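Breakdown of the fold
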Amino acid sequence: MDLDPEGIFRDDSDEDDDNLHEREANKEMVVYLIDASPRMFTPANAAKPDEKQETHFHTIVNCITQSLKMQIIGRSRDEVAICFFNTKEKKNLQELAGVYVYNVTEREQLDRPDARLIKEFSCVEDSFMNNIGSRYGITSGSRENTLYNALWVAQALLRKGSVKTVSKRILIFTNEDDPFGGITGAAKTDMIRTTIQRAKDAQDLGLSIELLPLSRPDEDFNMSLFYADLIGLEGDEVVQYVPSAGEKLEDMTDQLRKRMMKKRKVKTLSFAITNDVCIEVNTYALIRPTAPGTITWLDSISNLPLKTERSFICNDTGALLQAPQERFQLYNDKVVKFSVRELSDVKRVSSHHLRLLGFKPLDCLKDYHNLSPSTFIYPSDEQIFGSTRVFVALHSSMLRLGRFALAFYGTPTRPRLVALVAQEEVISSSGQDEPPGMHMIYLPYSDDVRYPEEVHLTSGDAPRATDEQIKKASNLLRRIDLKHFSVSHFANPGLQKHYGILEALALGEDEMPDIKDETLPDEEGLARPGVVKAIEEFKAAVFGENYDQEEAEAAAAKGGASKKRKAIADAASQKSAAYDWADLADNGKLKDMTVMDLKTYLTAHGLAVSGKKDAIISRILTHLGK
């Protein structure tokens, strides 16, 4: 029985002899095939009268420009080629009509993304019509097939390099779902057949063909007309592939980023299900802190990084010790020696990295248990074959029964309990939003848990929200809820600023590009009428109708000062009560007291405390009627 018939848990590192193109490659070669037909230069959406209308071609240029910048940062060894089809001019080694290779034409090697390519390509739209031109390449009465030619040129560009070490991809950008819609009869059937066969031939050679479709304002992109057969989609895959009406241009950059950027594992763990069953899982960090780079010490002459070495020398002979160092511990007046390996074995609290202890209902896992970012785990068959099957069975059972797994995570330095929470796969029009797998939540130690509700258990004046306040608060939370929230949707503002400076320097720009901090509150969203109304209703329910925040803050500040003065007066009264002031005045002993003690009487009775000692004594005697 196949426990994973749909292959949703197939890792990038899983390989078959028959599917060499799925092998995890050391670098990537990409050809961007961009449709340059006149339809790509029509408005992409219904813009307002005072707004500039954006075309699909402009959107694609921006998306690829951003992708090239990300490749420089994350995968600088990758190679790319940019190719337009349905053009008036032709520029390719095969001399095929309607295909214009932008950056590699008279040579075989692809380009590595660099500042020059990005700067030139970002401005290609300004001179595109004059230098390259746009036309419909597949027309009635003509046997010319520009899409077939484009696939042929792309395959030729990617013929260098072995699929064992290089991942080869063709990304097609178009808003025309039926490129052969303008022709009929046997000519149409023959052109569709030859184009699909050309794509299959490329896939048989290890090339991956992907499509990023764009829907026009009046109709959605229909994959079933042609492109589903071209790239090999079946059944539900066709529906999930196409953007919905509200997710057309906004998701294009995100789609391209997801397809270009590979997930990177942190480490591989062994997961002990029972004493006899152990599987292998990879871990992936969902959030990583931004830390400054480590200091690298360089040699003053060669400018090469310095390496630190430590050697142990015998005190008696001066010989260099090669054997592992030993440690000792005094026990019952005996010296017990330990080697480094023996100490490591003593400190090891578990023979496996991860050991399953049992299962509990999901409602036993509280929000305050998740104190630090979780780690995502995913099965791997690289070392232990069959790990995916066991993981899938465990994953599906946990989802069906509503349970989470309690496990022991044994590290030599910090052993702790973890909760494994199964996550279902979430797919949208822009691709996979959330992968299937498990989140490893690091459970807190007992000292980390605080119970603030215990403070008010015996207090009768604990604040309680009314039903109306709870209703208004619930309405506000529904209004500002983040739909389809994922931590992967937010870029690190610190890193973005750093890379923005490098980008400005590399491209020779005078100003640094605008960096949008996505971690800040959405002011535009909070200004929507529905959200503003919910906020005002909540404030009115909690503070009253005529609540003024500035007046409240001023009153709070004033009230704070009054409380402080009252606390000082109470402390002075307690200290002043320890003296018999009338007796001290009658016996003339006030002059023997310190100024600070005399001022406690004045403060306790609300009298002025300024002046010298004689003035203070006189003020006390007057108040006593002496």
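For the structure, check the block above.
Just so you know, these numbers come straight off a predicted model, no measurement behind them. (Residues numbered from 1 in each chain as written. Predicted model: local features only at pLDDT ≥ 70, side-chain atom pairs only at ≥ 80, totals over all residues. Heavy atoms only, no water.)

1. Digging into the pattern of salt bridges
Counted by the stated rule, this structure contains 10 salt bridges. A salt bridge links E144 to R135; its shortest N-O distance comes to 2.4 Å. For E144, a relative accessible area of 24% gives the class partly exposed. Members of the salt-bridge network, linked through shared partners, are E28, R169 and E210. (Salt bridge = Lys/Arg side-chain N within 4 Å of Asp/Glu carboxyl O. Buried < 20%, exposed > 50% of the residue type's maximum accessible area, 1.4 Å probe, protein only.)

2. Some details on the packing of aromatic side chains
Taken as a whole and judged by the stated rule, the model has 15 aromatic pairs. Between Y32 and F173, the ring centres sit 6.1 Å apart and the planes meet at 35°, which makes this aromatic pair tilted. Residue Y32 is found in strand 1 (residues 27-35), and its partner F173 is found in strand 4 (residues 166-174); the two are separated by 141 residues along the sequence. What makes F173 buried here is its relative accessible area of 0%. Their ring planes at 70° and their centres at 5.0 Å tell us that F84 and F128 sit as a pair that is edge-to-face. In this pair, F84 sits in strand 2 (residues 79-85) while F128 sits in helix 3 (residues 128-131), placing the two residues 44 residues apart along the sequence. We classify F128 as buried; its relative accessible area is 1%. Seen from the ring of W152, R198 lies directly overhead, with NZ or CZ sitting 5.1 Å from the centre. (Phe/Tyr/Trp six-rings, centres within 6.5 Å; stacked < 30°, edge-to-face > 60°. Helix = DSSP H or I, 4+ residues; strand = E, 2+ residues; numbered from the N terminus. Lys NZ or Arg CZ within 6 Å of the ring centre and 35° of its normal.)

3. Let's talk about the packing of helix 17 (residues 595-604) against helix 18 (residues 613-624)
One way to put it is that helix 17 packs onto helix 18 with a least axis distance of 10 Å and a crossing angle of 35°. Where helix 17 crosses over helix 18, the two elements pack in a sense that is left-handed. Between helix 17 and helix 18, the residues in contact are V595, L598, K599, Y601 and L602 and K613, I616, I617, R619, I620, H623 and L624, respectively. Looking at side-chain class alone, the contact of helix 17 with helix 18 contains eight nonpolar, one polar and three charged residues. (Axes fitted to C-alpha atoms, helices over the stretch in contact; angles between N-to-C directions. Left-handed = near helix turned anticlockwise from the far one by under 90°. Contact = heavy atoms within 4.5 Å. Nonpolar A, V, L, I, M, F, W, Y, C, P; charged D, E, K, R; others polar.)

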